[in-house]
Amino acid sequence: MNKKKIEILECTLRDGSYSVDFKFTLQDTALLARLLSDIGFRYIEVAHGVGLGAARAGKGETPWPDEEAVRVAKSAVGNKSLIGVFCIPGIAQFDDMKRAADAGLDFVRIGQNAPVVDTAIPYINEALKLGIKPCVNFMKSYGVTAADFGEKVKMIADSGAEIVFMVDSAGGMFPDEIARYFDEARKHTDIPMGFHGHNNLYLVIANCLEAVKHGATFVDSTLYGLGRSAGNAPTEILVAIFKNLEYDIGAIDLFRVMDVTEAYMEPLINQIHMYDMMSVTAGYSLFHSSYLPKVAKMAQKYKVELRRLVAAMGKADPVNCPDDVLESLAKKISGESVKPEAQREILISFNEPGFEESRISNTLQSANILIDGIITTAAKRNVRPVLDLAATNEFMEDFIISEFVQTDQSIVLGRIRFGSWEILQDVLRASKGKIAGFLIDKDGGAWADIDTLMRKSREVCDPASIFVYSSRMLHLHHLCDYLVTASCKNKGSLIVFGISSEIMPVLNFAEGVYETICLFKPSPSFDLPSEYKNMEDKIISIRDYSDWKHLRMKTSTVYFRSNPSYDEAHQISHLILENGTVLFHNPCNQEILEIFKRRPDLSVIFLDRNEAYKGQFLRWSNIKAMAHERFAPLES
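A brief structural summary. Since the structure is predicted, the reported quantities are computational estimates derived from the model, not experimental observations.

Further remarks concern the sheet that holds strand β2 (residues 43-45). The 8 strands lie next to each other as β1-β2-β3-β4-β5-β6-β7-β8, forming a closed barrel whose pairing is parallel. Each strand of the sheet is rotated relative to its neighbour by a mean of 25°, with strand direction disregarded. Where strand β3 (residues 82-87) lies against strand β4 (residues 107-113), 4 bridges are found, and the strand directions are parallel. The residue of β4 that forms the bridge with F86 is R109. Lying over the sheet, helix α6 (residues 175-188) contacts β6 (163-168), β7 (193-197) and β8 (216-221), oriented at roughly 155° with respect to β7.

Printed below as a string of structure tokens:
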């Protein structure tokens, strides 16, 4: 049996860039393009989500020019895969296409709204002149009838395009509509066709399958479905389905796709909104999300509910958003009375008042909400609820702070800071029999000596559930992990800016990892320990930038223990080697961050102290279990 050949056009690095505000770095682009190519994807789309020239047109800044994204991607894949970009006439200029061609571009997808798709023809001609494969995306294909779509596909095919893509831009079309559009096109031409769908109504996979049944041989996808609005067809799901249906998708290994998706896209999972009510509204009314800011301003002007205005605008004109039509609709809706939603009972989740990642509360009631919340969430995720207990620096009779810390694959962790023994016992009583583990931080206030703290905890809780640890050492080890990873990228020297005596253990560790450690602007009270004073070739104390002019040293890693001034950040940015790493102990302002963002080769990381707890409870539990094992000799 001859299997139908299907090409999956992988566009995570293009459409998926919407999910990261178009900030995939050149390093990201090269890495992901190489991985996708190695897995077996022959068509890979990169660069700005809106296409060539979009950053210049104010559609979202990127940390690199479009042609540089093409260059690094093509260099990473060689001849194994074709590298393409998106291009919207009027936003992209011919010069943009030429620069991309000079950088190694293989194909361009010229996107234009279906009613005016003829404006793509000059760009098709330009691509042919440059030796690039021209493809055309019929954006908002639903903006014309199926019959008109078929005739326009023939026109574009006759103009020299090599592939035509039907596009469900709002993610609101149904499978039977997809079938009609492809059938009409097939009446007029046999040009290769593809489908690009969005997932606003959760029909994208069904629509992809319908497109393939009716003649599509190309289908767009992104890892995890990352993309504009509600996202695209998830690559890993399409691969699984096509393999089950025995389509020929080449040598693509489903499980390697899964591995890459989890390993490299997992950190972006919080950017993926499976769907929200606005994306459902857009799909329902075939409204394109790019018009949302404009409609939001009009909704605010006439004090109307935004979703209702979005739906009305999409139903009135699914392709454009004329100002006069929009204002007329807003005036009409403003006169309609809408019944407000009644107050509802709430479910416990991280997004409800009193229990969320960014919320810190200071009442015993909030501690109970935290405890109930982590128990409920742990049950839903089949992991263990754990509390971190830390004494305040000073004894404060009624003081309590409750906060969510984080969740990982084994626990949901909350933290309670207590200011008195009475508060601690109240918390322990509320947790008894409910919480699987207690982390006792021995670095709390001196008033809460560890012996008394352990005794009071054991009076209420199972001793096997109690783990004593040092938060100070945990956070220092967390920092060391980052320093090791940075040194693997690029050895050389480490700058520690604003060093203080409390992180001296890091020096003990780092001096074995880095060739040189430079202590830049140490705090006035800092004095280098005597054992380091004879290591002038290894650890160097630098008081100001002028010393660098004499040393002429470059650094691979900078750790800002305290935040620099603008001038200091500017000076240090010139000292960092290519592909260097910048670690911030504290959040910095946007002005300072922009200095380092001008260097797209740099990795800029904000240390999150709560990240240090990931995976620790499971490790400590395993160690504790081994430590309590008894040796039992084999019976003869």
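Attention now moves to the packing of aromatic side chains. Aromatic ring pairs: the centre-centre distance and the angle between the two ring planes describe each pair. Taken as a whole and assessed by the stated rule, the structure comprises 20 aromatic pairs. Ring centres of F138 and F149 lie 5.2 Å apart, and the angle between their planes is 70°; on these two criteria the pair is classed as edge-to-face. In this pair, F138 is assigned in strand β5 (residues 133-139) and F149 in helix α5 (residues 146-158), connecting sequence segments 11 residues apart. On the basis of relative accessible area, F138 is assigned to the buried category, the value being 0%. Pairwise contacts between aromatic rings join F497, F560, F584, F596 and F606 into one cluster. The ring of F86 carries R14 above its face, with NZ or CZ at 4.4 Å from the centroid.

Here E246, not a glycine, exhibits a phi torsion of approximately 60°, which is positive. Among the secondary structure elements, E246 is positioned in the loop between α8 (235-244) and α9 (254-265). Of note in this structure, L286 is not a glycine but carries a positive phi near 55°. One can find L286 in the loop between α10 (277-285) and α11 (292-302).

At their nearest, the axes of helix α15 (residues 421-431) and helix α16 (residues 450-460) sit 10 Å apart, and the two run at 30° to each other. It follows from the interaxial angle that α15 and α16 lie roughly parallel. α15 and α16 meet at a crossing whose hand is right-handed. Of the residues in α16, those touching α15 at W421, L424, Q425, L428 and R429 are T452, L453, K456, S457, E459 and V460. Considering only residue class, the contact of α15 with α16 consists of 5 nonpolar, 3 polar and 3 charged.

The rules behind these values
- Residues numbered from 1 in each chain as written.
- Predicted model: local features only at pLDDT ≥ 70, side-chain atom pairs only at ≥ 80, totals over all residues.
- Heavy atoms only, no water.
- Pairing = 2+ DSSP bridges.
- Helix = DSSP H or I, 4+ residues; strand = E, 2+ residues; numbered from the N terminus.
- Axes fitted to C-alpha atoms, helices over the stretch in contact; angles between N-to-C directions.
- Contact = heavy atoms within 4.5 Å.
- Phe/Tyr/Trp six-rings, centres within 6.5 Å; stacked < 30°, edge-to-face > 60°.
- Buried < 20%, exposed > 50% of the residue type's maximum accessible area, 1.4 Å probe, protein only.
- Lys NZ or Arg CZ within 6 Å of the ring centre and 35° of its normal.
- Parallel < 35°, antiparallel > 145°, perpendicular 65-115°, else oblique.
- Left-handed = near helix turned anticlockwise from the far one by under 90°.
- Nonpolar A, V, L, I, M, F, W, Y, C, P; charged D, E, K, R; others polar.

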